[in-house]
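Take a look at the letters that make up each chain.
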Amino acid sequence: MRRKGFENAVELVILASAMTAIAGLFLIFIFIGKEALPVFFSPEIRDEAGLSKLFLAQAGPHPFSWQPVSLVPKYSVLTLFAGTLKATLVAIIFAAPLALGAALFTAEFAPDWLKEIIKPVIEILAGIPSIVLGFFALMVMATFVQDAFGTLYRLNALVAGIALGIAVIPVIYTVAEDALSGVPYSYKEASIALGATRWQTASRIVFPAALPGILAACILGFGRCIGETMIVLMASGNAPLMTWILDSPIRTVSATVAAELGEVVVGSGHYHVLFFLGTLLFVFTFAINLFAHWFVKRLQKKILGIT
Amino acid sequence: MKNKTSALRSYLAAARIGAVVFGLSSFSGAYAAGNTVTVKGSDTMVILGQRWAEDYMKKFKGIVIQVTGGGSGTGIAALTNGLTDIAQSSRPMKEKEKSVILEKRKKHVEEIPVAVDGIAVYVHQSNPIEKLDISQLKAVYTGRVKKWSALADFKEPLIIYGRENNSGTYAYFKEHVLGNEDFAPEALSLPGTAAVINAVSKDKKAIGYGGIAYAHGVKVIKVASDAKSQAYAPSLENVMSGKYPISRSLFFYTAGKSDGEVKKFIAWILGKEGQKVCGEVGYYPLPVLRSKARK
């Protein structure tokens, strides 16, 4: 009887700790979202920073301009999202081939002793604080990229994107490696028995079988990039430009919130727009993570044969 | 090396902003425990504040002065919310901010000028340009001039560096040099003066602005108030005499009249020893005449 009571108490404690995480998530969303609401509902704020001002082209020489500290403040949210997207795409294009190649190698080709080295080393990369990566990008990589590609700007989307890419390699690698290792051994045995080489087995059997997991890895990496702050704050140049040019400086959503929220007058239009940006960022990363998890779940079911 | 550490420090300050954003810096809430004085604000003034704190703590044992950066606005926000005793600011406080403090804390803000700063304009060391006037600076920073060849015998495009818009230096430059026009969208904004210096020292095409105290490894150019006037370097005598056109006061703000340890600390700063420190870290002491006139 007493034992049962103890069991129940422990269960309750564990349940409570699980619930705090969920409650925390909800509270964060509610508090950030609440501060963003005036962008929709307060007539005064809407006048200064309504949705049309945030998303549509404005009159003047710079239709998509982010100048929150100005006689006529300009809040083109679109410019910031374009910046985030540009850095993120560069990062994924840079990181995905490297991370997936490494994952395929460790899962299919590497001898055990080498696997024991490669896996932990890549996972240690995940532990590097992003400020250190940002500092490295600013001091070393920016110069290198400028010398190598002759870019006009020393700090630009390319530099920030590559640094971001380094930060997400472990994310993509870990998930992709799990997906590749999770492919049932019988697939490989069958393939080899039919006379396929190891490369043919890896590239035509294992890789396609793990594809949903690999896509999920890339999506998770994408989500991580969108929210990453320090690296872009330091290496992207933070100039609010919206162009198709790859090596122009950019200003990202996360860096803008980090740089400006400390200063902003509480309750002003600028303040609410920053919270609106935070809410959008939250919703995006949340949706992307949810989607990736759903993908992984589906993959697992498929491979284990549960429908 | 010195340059690098100060650059790192400014990134740490930026990291702290990030931490505040995500509510991680609960430790910064502790303040004013009897003999602790907290000072928070302007990144430009962090070196100065820290030197004052070090010297003061050496002299008066048992007193702890905590100095942190984050930007003038960050310091003012902390003062508004009662999280710091003194806000350091490199720009005068706005009326709106004063009224918010009055409303929230029921106290009038005290403004105390503590030092003078010249805002220097820096270029890369290989750049031959010697001087610019305010209207040329304005043309550069609003994006009307995009090539160095329009200003000097230097065949490079022009890349403009500046500060983030939470910086007092940004606000000052915008008001006094750009006449409140907007910065060009292609102006790169960096977190901290040290970062601007670092970027300019590595970029041949660059121009940047910031506190004079940080200027190492870059070329500081002379500035004239208009095309007809003589250009002056931001030296001690030129800034003190007002010949150098872009200089400003640096401020301490307290909510209500300061008392106790805060009052003693401020009095020491305004005294001979405190003012001597200004010169040692690359700022300028308050002009004697002006501080007398204020009393």
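A few points on the structure. Small disclaimer: the values here were computed from a predicted structure and weren't measured.

The next subject is the overall build of chain A. Tallying secondary structure elements over chain A gives 14 helices and 2 strands in all. Oriented by its inertia axes, the alpha-carbon framework of chain A measures out at about 75 × 70 × 35 Å. A burial count over chain A gives 47% of its 307 residues as buried. Of all intrachain contacts in chain A linking residues separated by at least 6 positions in sequence, the fraction that spans at least 24 positions is 71%. Placing the 20 positive and 18 negative side-chain charges of chain A at their respective mean positions leaves the two points 7 Å apart.

Residues and elements named next belong to chain B. Alternating residues of strand S3 (residues 86-89) divide into Ile-86 and Gln-88 and Ala-87 and Ser-89, and every residue in both groups is buried. Sheet topology note: the strand S1 (residues 36-41)/S3 ladder contains 3 bridges and is parallel. Within S3, the residue paired with Lys-40 across the bridge is Ala-87. Of the strand pairs in this sheet, S3 and strand S10 (residues 247-255) are connected by 3 bridges, and their pairing is antiparallel. In the strand pairing of S10, Gln-88 is matched with Phe-252.

Below, the discussion takes up the nonpolar core. Membership of the largest hydrophobic core comes to 136 residues, with the highest contact counts inside it found for Trp-52, Tyr-161, Ile-207, Phe-252 and Phe-265 of chain B. The greatest single-element share of this core, amounting to 16 residues, is contributed by helix H8 (residues 157-181) of chain A. Formed by 27 residues, the second largest nonpolar core is a distinct cluster that contains Phe-81, Ala-216, Phe-276 and Ala-292 of chain A.

Facing the 39 residues of chain B at the interface are 36 residues of chain A. With both sides pooled, the region where chain B packs onto chain A buries about 3,200 Å², and carbon together with sulfur makes up 61% of that total. For the pair chain B and chain A, the number of links is 2 salt bridges. Taking the shortest distance from any N to any O, the salt bridge between Arg-251 of chain A and Glu-164 of chain B comes out at 2.8 Å. Summed over the shared surface of chain B and chain A, the number is 12 residue pairs in polar contact (both at pLDDT 80 or more). Mapped onto the side of chain B that touches chain A, the elements with two or more residues apiece are helix H1 (2-21), helix H3 (72-80), helix H4 (95-105), strand S6 (159-163), helix H6 (168-176), strand S7 (188-190) and helix H7 (193-202) of chain B. With 8 residues, H1 of chain B is the single largest residue contributor to the side of chain B that touches chain A. Within the side of chain B that touches chain A, the residues separate by chemical class into 20 nonpolar, 7 polar and 12 charged.

The next point concerns a nonpolar patch on the surface. All names here are of chain A. A surface patch of nonpolar side chains, about 1,100 Å² in accessible area, is lined by Leu-12, Leu-15, Met-19, Ile-22, Phe-26, Leu-27, Phe-29, Ile-30, Phe-31, Val-283 and Phe-284. Looking at the nonpolar patch, the elements with two or more residues in it are helix H1 (2-36) and helix H14 (269-304). At 9 residues, H1 tops the list of elements feeding residues into the nonpolar patch. Tracing the backbone through its elements, the reader meets Phe-31 in helix H1.

Bringing the pattern of salt bridges into the picture now. Counting across every chain of the model gives 22 salt bridges over all chains. The salt bridge partner of Lys-74 of chain A is Asp-182 of chain B, with a shortest N-O separation of 2.5 Å. Placement of Lys-74 of chain A in strand S2 (residues 74-75) and of Asp-182 of chain B in the loop between H6 and S7 is noted, with the two residues assigned to different chains. For Lys-74 of chain A, a relative accessible area of 28% puts it in the partly exposed group. Using a relative accessible area of 18% as the deciding quantity, one classes Asp-182 of chain B as buried. The closest approach of N and O atoms between Asp-203 of chain B and Lys-205 of chain B, which form a salt bridge, is 4.0 Å. One connected set of salt bridges, linked through shared partners, spans Arg-51, Asp-55, Lys-276 and Glu-280 of chain B.

What follows deals with the packing of helix H7 (residues 130-149) of chain A against H8 of chain A. Residues and elements named next belong to chain A. Following both chains from N to C, one finds H7 and H8 inclined at 130 degrees, their axes separated by 9 Å at the closest point. Between H7 and H8, the angle falls in the class oblique. Read as a crossing pair, H7 and H8 show a hand that is right-handed. Along the contact surface, H7 presents Leu-133, Ala-137, Met-141, Ala-142, Val-145 and Phe-149, while H8 presents Leu-158, Val-159, Ile-162, Ala-163, Ile-166 and Ala-167. Class assignment of the residues belonging to the contact of H7 with H8 gives a composition of 12 nonpolar, no polar and no charged.

Next up on the list: the packing of aromatic side chains. All names here are of chain B. Applying the stated criterion to the full structure yields 24 aromatic pairs over all chains. Here the aromatic rings of Tyr-56 and Phe-265 are separated by 4.9 Å at their centres, their planes lie at 70 degrees, and the arrangement is edge-to-face. Of this pair, Tyr-56 sits in helix H2 (residues 46-59) while Phe-265 sits in helix H9 (residues 260-270), placing them 209 residues apart in sequence. A single burial state applies to Tyr-56 and to Phe-265, both of which are buried. Put simply, the rings of Trp-52, Tyr-56, Phe-60, Phe-252, Phe-265 and Trp-268 pair up and form one aromatic cluster.

Now for the packing of helix H6 (residues 112-125) of chain A against H8 of chain A. For any two helices packed against each other, one specifies the inter-axial angle together with the distance between the axes. Residues and elements named next belong to chain A. The geometry of H6 relative to H8 is characterised by a closest axis approach of 8 Å and an angle of 135 degrees between their N-to-C directions. Taken together, the axis directions place H6 and H8 in an arrangement best described as oblique. As H6 runs across H8, the sense of the crossing is left-handed. Contacts between H6 and H8 involve Ile-118, Lys-119, Ile-122, Glu-123 and Leu-125 from the first element and Ile-166, Ile-169, Pro-170, Tyr-173, Thr-174 and Glu-177 from the second. Here the contact of H6 with H8 is composed, by residue class, of 7 nonpolar, 1 polar and 3 charged.

Simply put, disulfide is the name for a covalent bond between the sulfur atoms of two cysteines. Going through the model one piece at a time under the given rule, you end up with 0 disulfides over all chains. With no disulfide partner, Cys-225 of chain A has as its closest neighbouring cysteine sulfur the one in Cys-218 of chain A, 11 Å distant.

Right, let's talk about unusual backbone geometry for a bit. Although it is not a glycine, Asn-238 of chain A sits at a positive phi angle of roughly 55 degrees. With respect to the element layout, Asn-238 of chain A can be found in the loop between helix H12 (230-235) and helix H13 (253-260). The buried category is assigned to Asn-238 of chain A, whose relative accessible area is 0%. Phi is positive for Asn-180 of chain B, which is not a glycine, with a value near 70 degrees.

Let us now look at the environment of Thr-84 of chain B. Residues and elements named next belong to chain B. Looking at the element boundaries, Thr-84 is found in the loop between H3 and S3. Overall, the relative accessible area of 2% leaves Thr-84 in the buried class. Measuring from C-alpha to C-alpha, the distance between Thr-84 and Thr-38 comes to 5.3 Å, with 46 residues separating the pair along the chain. In this structure the side chain of Thr-84 is engaged in a polar contact, spanning 3.0 Å, whose partner is the backbone oxygen of Thr-38. From its side chain, Thr-84 meets the backbone oxygen of Ile-86 in a polar contact 3.0 Å long.

Conventions and cut-offs
- Residues numbered from 1 in each chain as written.
- Chains lettered and ligands numbered in written order.
- Predicted model: local features only at pLDDT ≥ 70, side-chain atom pairs only at ≥ 80, totals over all residues.
- Heavy atoms only, no water.
- Helix = DSSP H or I, 4+ residues; strand = E, 2+ residues; numbered from the N terminus.
- Buried < 20%, exposed > 50% of the residue type's maximum accessible area, 1.4 Å probe, protein only.
- Contact = heavy atoms within 4.5 Å.
- Lys, Arg positive; Asp, Glu negative; His and termini not counted.
- Charge placed at Lys NZ, Arg CZ, Asp CG, Glu CD.
- Pairing = 2+ DSSP bridges.
- Core = buried A, V, L, I, M, F, W, Y, C linked by side-chain atoms within 4.5 Å.
- Buried area = accessible area lost by both parts, 1.4 Å probe.
- Salt bridge = Lys/Arg side-chain N within 4 Å of Asp/Glu carboxyl O.
- Polar contact = N/O pair within 3.5 Å; in protein donor to acceptor, adjacent residues only side chain to side chain.
- Nonpolar A, V, L, I, M, F, W, Y, C, P; charged D, E, K, R; others polar.
- Patch = residues over 30% accessible without salt bridge, like charges linked within 9 Å, V, L, I, M, F, W, Y side chains within 5 Å.
- Areas by Shrake-Rupley, 256 points an atom, 1.4 Å probe, with all protein chains shown as cover.
- Axes fitted to C-alpha atoms, helices over the stretch in contact; angles between N-to-C directions.
- Parallel < 35°, antiparallel > 145°, perpendicular 65-115°, else oblique.
- Left-handed = near helix turned anticlockwise from the far one by under 90°.
- Phe/Tyr/Trp six-rings, centres within 6.5 Å; stacked < 30°, edge-to-face > 60°.
- Disulfide = S-S within 2.5 Å.

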